[in-house]
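Descriptive analysis of the structure
Chain by chain, the residues:
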Amino acid sequence: MLFDTQVSPPPENVGYRGPTACAAAGITYRQLDYWARTQLVEPSVRAAHGSGTQRLYSFRDILVLKVVKRLLDTGVSLQQIRAAVAHLRNRGVRDLAQITLMSDGVSVYECTSADEVVDLLAGGQGVFGIALGRVWQELEGSLAKLPAERAVRDDDRDEVHSHDELARRRVRRSG
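Report on the accompanying structure.

Within the protein chain one finds 9 helices and 5 strands. Mapped from its N terminus to its C terminus, the protein chain presents α and β elements in the order β-α-α-α-α-α-β-β-α-β-α-β-α-α. Burial analysis of the protein chain (175 residues in total) assigns 35% to the buried set. For the protein chain, long-range pairs separated by at least 24 residues make up 67% of all intrachain contacts whose partners lie at least 6 apart in sequence. Taken as a whole, the protein chain presents about 10,100 Å² of accessible surface, with 50% of it coming from carbon and sulfur.

Dropping the structure here:
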């Protein structure tokens with residue numbers, strides 16, 4: 001049951017604001033802000049650009065935030081978590097659901113099959129595991145109850161906001 005988890009594709013063009021990401025991942029806004037500023041987990045839908053702009057986090061971003069929180073709660077060092085997150089960034093979104101992260105409290109190991117988990121446990125290394133497919137399912141349930149917003153690509157921003165009076169004024173002032 002660790003690796004055959006059925007997950008639905010993450011919502012496309014949907015972003016979640018900071019407070020929603022915090023609620024879904026079980027972290028504080030202070031943690032979210034720190035992790036974004038230190039580039040541990042940055043918002044991939046929209047970064048904050050100056051005062052008054054809102055970061056938008058993707059489903060994948062919040063999945064990684066939730067994993068970071070779980071690893072921190074189990075005592076894994078931030079240095080090891082950074083290495084694990086860097087590795088997860090290189091994986092496809094659908095690949096994440098098939099991964100179980102194992103840790104001995106010091107290092108983090110990626111397992112993609114039950115045999116790898118057994119081998120790790122037989123070597124005395126694994127102490128706990130995080131099945132990302134299960135975290136994915138939990139996150140889907142949490143986000144279904146929380147507000148989301150349609151993501152707008154930067155090159156579409158002027159067109160979408162052409163009906164927004166404030167946006168038109170900014171364009172006139174800067175252009």
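Moving on from the model shown.
Another aspect to go through is the pairing of strand β2 (residues 100–103). Here β2 shows no split at all, with Thr 100 and Met 102 on one side and Leu 101 and Ser 103 on the other all buried. Where β2 lies against strand β3 (residues 108–111), 4 bridges are found, and the strand directions are antiparallel. The residue bridging Thr 100 from the neighbouring strand is Cys 111, located in β3. Counting the residues that bridge the hairpin from β2 to β3 gives 4 residues, and of these Gly 105 lies at a positive phi of roughly 95°. The pairing of β2 with strand β4 (residues 128–131) spans 4 bridges and is antiparallel. When the sheet's bridge partners are listed, Leu 101 is paired in β4 with Ile 130.

With that out of the way, let us pick up the packing of helix α1 (residues 18–25) against helix α3 (residues 59–73). Angle between the axes and distance between the axes are the two parameters that describe a pair of packed helices. Packing of α1 against α3 leaves a shortest axis separation of 9 Å and a crossing angle of 50°. Classified by the angle their axes make, α1 and α3 are oblique. When the axes of α1 and α3 are compared, the crossing they make is right-handed. Residue-level contacts link Ala 21, Ala 24 and Ala 25 of α1 to Ile 62, Leu 65, Lys 66 and Lys 69 of α3. Grouping the amino acids of the contact of α1 with α3 by side-chain chemistry returns 5 nonpolar, no polar and 2 charged.

Let us look at helix α7 (residues 132–144). What sets the pattern is the α-helix's 3.6 residues per turn: residues three or four places apart point alike. For α7, with 13 residues, the first-to-last C-alpha span of 18 Å sits near the 18 Å given by 1.5 Å per residue. Buried within α7 are the following residues: Leu 132, Gly 133, Val 135, Trp 136, Leu 139 and Leu 143. When α7 is viewed along its axis, its buried side chains cluster within an angular range of 150° and face the same direction.

With that settled, consider the packing of α3 against helix α4 (residues 78–89). Viewed as axis vectors pointing N to C, α3 and α4 meet at an angle of 155°, and their least axial separation amounts to 10 Å. The orientation of α3 relative to α4 falls into the category roughly antiparallel. Between α3 and α4 the crossing geometry is right-handed. Contacts between α3 and α4 involve Arg 60, Val 64, Val 68, Leu 71 and Leu 72 from the former and Leu 78, Ile 81, Val 85, Leu 88 and Arg 89 from the latter. Residue classes in the contact of α3 with α4 are distributed as 8 nonpolar, no polar and 2 charged.

With that out of the way, let us pick up the environment of Trp 136. When you line up the elements, Trp 136 lands in helix α7. C-alpha of Trp 136 to C-alpha of Leu 63: the two residues are 73 residues apart in sequence and 6.5 Å apart in space.

This next bit is on the nonpolar core. Counting residues in each nonpolar core, the largest one holds 38 residues, and the members touching the most others are Ile 62, Leu 65, Val 68, Leu 71, Leu 101 and Leu 132. Of all elements in the fold, only α1, α2 (29–37), α3, α4, β4 and α7 reach the threshold of two or more residues within this core. It is α3 that provides the largest number of residues to this core, a total of 8 residues. When sequence neighbours within four positions are dropped, the list of residues in contact with Leu 132 reads Leu 63, Val 67, Leu 88, Leu 96, Ala 97, Ile 99 and Leu 101.

Conventions and cut-offs
- Every chain is numbered independently, its residues counted from 1 as its sequence is written.
- Per-residue local features are limited, in this predicted model, to residues with pLDDT of at least 70; the limit for side-chain atom pairs, both in listing and counting, is 80 or more; totals at the level of whole chains, interfaces and linings are taken over all residues.
- Excluding hydrogens and water, the side-chain values take into account all heavy atoms of the structure.
- Elements are defined by DSSP. Helices are runs of H or I of four residues or more, strands are runs of E of two residues or more, and each kind is numbered from the N terminus.
- Between buried and exposed lies partly exposed: a residue is buried under 20% and exposed over 50% of the maximum accessible area for its type, with that area taken using a 1.4 Å probe on protein chains only.
- In what follows, a contact means two residues having at least one pair of non-hydrogen atoms within 4.5 Å.
- Reported accessibility uses the Shrake-Rupley method at a 1.4 Å probe radius. Residues are deemed covered only where the shown protein chains occlude them.
- When DSSP finds two or more bridges between a pair of strands, those strands are recorded as paired.
- Helix axes are fitted only over the stretch in contact, all axes being lines through C-alpha atoms; the angle between N-to-C directions runs from 0 to 180 degrees.
- Oblique is the label for any angle not under 35 degrees, not over 145, and not in the 65 to 115 range, which are roughly parallel, roughly antiparallel and roughly perpendicular in turn.
- Throughout, a crossing is termed right-handed when the near helix is turned clockwise from the far one, and left-handed when it is turned anticlockwise from it by less than a right angle.
- Note that Gly is not counted as nonpolar here; it falls among the polar residues with everything else outside the nonpolar set of Ala, Val, Leu, Ile, Met, Phe, Trp, Tyr, Cys and Pro and the charged set of Asp, Glu, Lys and Arg.
- In this scheme, a helix's expected span is set at 1.5 Å multiplied by one less than its residue total.
- Here the arc refers to the directions that run from the helix axis out to each C-beta atom.
- We call a set of buried residues a nonpolar core when its members are Ala, Val, Leu, Ile, Met, Phe, Trp, Tyr or Cys and they connect through side-chain atoms within 4.5 Å of each other.

From the geometry alone we can't say anything about function, so treat these as descriptive.
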